[in-house]
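Topology and contacts: notes
Given next are the chains, with one letter for each unit.
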Amino acid sequence: MTDTDERPDAFVRTDDGVSVAYQSRGTGLPLVLLAGQANNHHWWDGVREDFHGTHSTITMDYRGTGASDAPREGYSTRRFAEDVVAVLDSLGIERADVYGTSMGGRVAQWVAARHPERVRRLVLGCTSPGGPAAVERDASVRRALALPDPDAVRQTLTELMYSPGWIAGHPGPYGTLGDPHMPPHARRGHLTASNRHDAWDALPSVAAPTLILHGDQDRLTPPENVPLLAARIPDATARLLPGARHAYFEECRETAGALVRGFLG
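Residue indices follow the written sequence of each chain, beginning from 1 at its first position. The model is predicted, so local features are restricted to residues of pLDDT at least 70 and side-chain atom pairs to those at 80 or more, both for listing and for counting; the totals for chains, interfaces and linings are taken over all residues. Values reported for side chains reflect all heavy atoms of the structure, with hydrogen atoms and water molecules removed beforehand.

Looking now at the packing of helix α1 (residues 77–91) against helix α2 (residues 103–114). A fitted line through C-alpha atoms represents every axis, and for helices the fit uses only the stretch in contact; the resulting angles, taken between N-to-C directions, go from 0 to 180 degrees. Starting at the N terminus, helices and strands are each numbered in turn, a helix being any DSSP run of H or I of at least four residues and a strand any DSSP run of E of at least two. In the contact formed by α1 and α2, the axes pass within 8 Å of each other and the chain directions differ by 65°. Between α1 and α2, the angle falls in the class roughly perpendicular. Remark: the crossing between α1 and α2 carries right-handed chirality. Side by side, α1 and α2 meet where T77, R78, F80, A81, E82 and V84 of the first sit next to M103, R106, V107, W110, V111 and R114 of the second. For this classification, the nonpolar set comprises Ala, Val, Leu, Ile, Met, Phe, Trp, Tyr, Cys and Pro, the charged set comprises Asp, Glu, Lys and Arg, and every other residue, Gly included, is treated as polar. Partitioning the contact of α1 with α2 into residue classes produces seven nonpolar, one polar and four charged. Any angle that falls under 35 degrees is termed roughly parallel, while one over 145 is termed roughly antiparallel, one within 65 to 115 roughly perpendicular, and all others oblique. Note on convention: the crossing is left-handed when the near helix lies turned anticlockwise from the far helix by less than a right angle, right-handed when the turn is clockwise. Pairs of residues are marked as contacts when any of their non-hydrogen atoms sit within 4.5 Å.

You can see L122 is positioned in strand β6 (residues 119–125). Put simply, L122 and L31 are 91 residues apart on the chain and 9.7 Å apart in space, counted from C-alpha to C-alpha. Excluding its chain neighbours within four sequence positions, the residues that come into contact with L122 are V98, A108, A112, V206, A208, P209, T210, L211 and F263.

On to the pairing of β6, then. Each residue is placed in one exposure class: buried if its accessible area under a 1.4 Å probe, protein chains only, is under 20% of its type's maximum, exposed if it is over 50%, and partly exposed if it falls in between. The element β6 is largely enclosed, with a buried count of five among its seven residues. Note: strand β5 (residues 96–101) against β6, five bridges, orientation parallel. Bridge assignment links V98 to a residue of β6, and that residue is L122. We call a crossover right-handed when, viewed with the strands running away from us, the connection from the first strand over the helix to the second turns clockwise. For the crossover that starts at β5, traverses α2 and ends in the parallel β6, the hand is right-handed. Of the pairings in the sheet, the one linking β6 to strand β7 (residues 210–215) comprises four bridges and is parallel in character. Bridge pairing links G125 to L213 in β7. Two strands are counted as paired when DSSP detects at least two bridges linking them.

With respect to the secondary-structure elements, H190 resides in helix α6 (residues 184–195). In this view, H190 contacts Q37, A38, Y62, R63, T65, Y75, F80, M103 and M182; residues no more than four positions away in its chain are not counted.

A pair is scored as a salt bridge if a Lys or Arg side-chain nitrogen falls within 4 Å of a carboxyl oxygen belonging to Asp or Glu. In this structure the tally under the stated criterion is 14 salt bridges. Residue R13 pairs with D69 through a salt bridge whose shortest N-O separation is 3.7 Å. Of this pair, R13 sits in strand β1 (residues 10–13) while D69 sits in the loop between β4 (55–60) and α1, placing them 56 residues apart in sequence. Accessibility expressed as a relative area gives 58% for R13, which makes it exposed. With relative accessibility at 31%, the residue D69 sits in the partly exposed group. The salt bridge partner of E82 is R114, with a shortest N-O separation of 3.7 Å. Placement of E82 in helix α1 and of R114 in helix α2 is noted, with a sequence separation of 32 residues between them. With a relative accessible area of 23%, E82 lands in the partly exposed category. Note on R114: relative accessible area 40%, which makes it partly exposed. Within this structure, D15, D16, R63, R79 and D83 form a network of salt bridges that share partners.

At the junction of G172 and P173, the peptide bond is cis and its omega measures out at 5° in the coordinates. Note on placement: P173 falls in the loop between α5 (164–169) and α6. For S102, which is not glycine, the phi torsion reads 55° and is therefore positive. Structurally, S102 can be placed in the loop between β5 and α2.

Aromatic rings from Phe, Tyr and Trp, with only the six-membered ring used for Trp, were paired whenever their centres fell within 6.5 Å, and each pair was classed as stacked if the ring planes differed by under 30 degrees, edge-to-face if by over 60, and tilted otherwise. Evaluation of the coordinates by the stated rule reveals 10 aromatic pairs. For the ring pair Y162 and Y174, a centre distance of 4.9 Å and an interplane angle of 35° mean the geometry is tilted. Within this pair, whereas Y162 is found in the loop between α4 (150–161) and α5, its partner Y174 is found in the loop between α5 and α6, the two being separated by 12 residues in sequence. Y174 carries the same exposure label as Y162, and that label is buried. Ring centres of W166 and Y174 lie 6.3 Å apart, and the angle between their planes is 35°; this geometry places the pair in the tilted category. For W166, a relative accessible area of 12% corresponds to the buried category. Pairwise contacts between aromatic rings join W43, W44, F51, Y99, Y248 and F249 into one cluster. Here R121 stacks its cationic end above the ring of F263, 4.9 Å away from the centre of that ring. Charge over a ring is defined by NZ of Lys or CZ of Arg lying within 6 Å of the ring centre and within 35 degrees of the ring normal.

Below, the structure written as structure tokens:
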């Protein structure tokens, strides 16, 4: 099997009986890649192969997305983190690097804080600590994302993810705009999970060296959250990517990828 081969979806049954799908590619040190809210593993399609020189990559379909079960209840960033650990257990991996973006960064915070022995190095991208300490997106963004017209919402989300110049040169389709096949109850569950995330009190328990990345033009998760995370996590460094919006990892692929690979090195 070569580095670019993809093993067929595998499944793990979690302690609450939910079947969670995961995908493993490549060989080398294990790197868990965690996607944003209401997205499946295709969130990482544009950049995943960039890590295969040194790492095997492991993704998952959050409960409610992709090939995973979509239960009526059980959606929280803490629960998603336990699902990540179940995937590692299924693969026989004791310790991994973890890279989470957006809601995936919130999930990664819990993995590192609650299971410090499982995380070698941690990368948090375009995310926040949640709770009252976090800096929330402004009201105009919230209103635009709550419009009843799905096409308008999709256009708004695209513009929050990418700069106009990048969109002009990359017309899509994009893998970061949500899993279109999610049932409505699961989509609501993901929104609730992300909105209720609050790891502020747990962040000092993160033992892994941590890199924080963020686009300085991100309106979906304001970059003012970067110094909050960096001050709260004991061994953290931070980098802002000029001109980048929420999907900095894709738009600034070369720069962001090099930063992550160097940090994980």
